Amino acid sequence: MNRKVKNAASNLIMGVTLSCISMAINSGIGDQIVLAKSTNSQNCDIFAYVTDTDPKGLNVRSGASINNKILGQIPINETVKIIAAAGDWVQITDASDGFPGTGWVFVPKLGISTRGYGTNGVDLYASTSQQSRKIRRVPSSVSIKLLGCQGDWAQVEYEGIRGWLAREDQCGAALTTCS
């Protein structure tokens, strides 16, 4: 083969390779591959409410990345069921209004409150077991920062303390007391 043909073939291969890489990056496939390799998804079974104040609502995406396609929106204060968590993203379904399907949302755009009405508050645990160490008492009926979930436990933060909130102490509705 002469030098011109070799250079043309080499340039063609390089161009196709770069095009494929560019397509993977721009379509979000690269993020999905990285997410699948770097973050294990946890199954969840909790409820939360939308805190995003964007007038269009909280974006629901096809995957756990801002590069994934927007499937729809959910208005503020609507309740969602969280069925999985992967890093800072949760998979939701059963929105009380807005988006009718299943998709992924950024967890800092969701909220959760404590129950414990008529008590002196609820406990935060060191792990997802009520036999684990109690690390903080949280007042009843307060909003706390949702960080993630595992099973029917919510990982939360209250006044800088991170812990796990048991299912019976969670309120995933913004406009009701969950009593």
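Please refer to the structure higher up on the page.
Note that the structure is a prediction, hence the values are computed from the model and not measured.

Sorry if this is basic, but what is going on with the pattern of salt bridges here?
Pairing between side chains of opposite charge can happen when their charged atoms approach one another. Tallied over the full model, the rule gives 6 salt bridges. Here Lys134 ties to Asp123 by a salt bridge, and the two come within 3.5 Å at their closest N and O atoms. Highlighted residues: Lys134 in strand S9 (residues 134-138) and Asp123 in strand S8 (residues 122-125), separated in sequence by 11 residues. You can call Lys134 exposed: its relative accessible area is 52%.

Please clarify how the state of the cysteines should be interpreted in this entry.
In a disulfide, the sulfur atoms of two cysteines are held together by a covalent bond. As enumerated under the stated definition, the model contains 1 disulfide in all. Across the disulfide from Cys44 sits Cys149; the S-S distance is 2.1 Å. When the S-S torsion is 95°, as for the bridge of Cys44 with Cys149, the disulfide is right-handed. Of this pair, Cys44 sits in strand S1 (residues 42-50) while Cys149 sits in strand S10 (residues 143-150), and the two are 105 residues apart along the sequence.

So, how was this worked out
Residues numbered from 1 in each chain as written. Predicted model: local features only at pLDDT ≥ 70, side-chain atom pairs only at ≥ 80, totals over all residues. Heavy atoms only, no water. Salt bridge = Lys/Arg side-chain N within 4 Å of Asp/Glu carboxyl O. Helix = DSSP H or I, 4+ residues; strand = E, 2+ residues; numbered from the N terminus. Buried < 20%, exposed > 50% of the residue type's maximum accessible area, 1.4 Å probe, protein only. Disulfide = S-S within 2.5 Å.

Geometric values such as these leave the question of function open.
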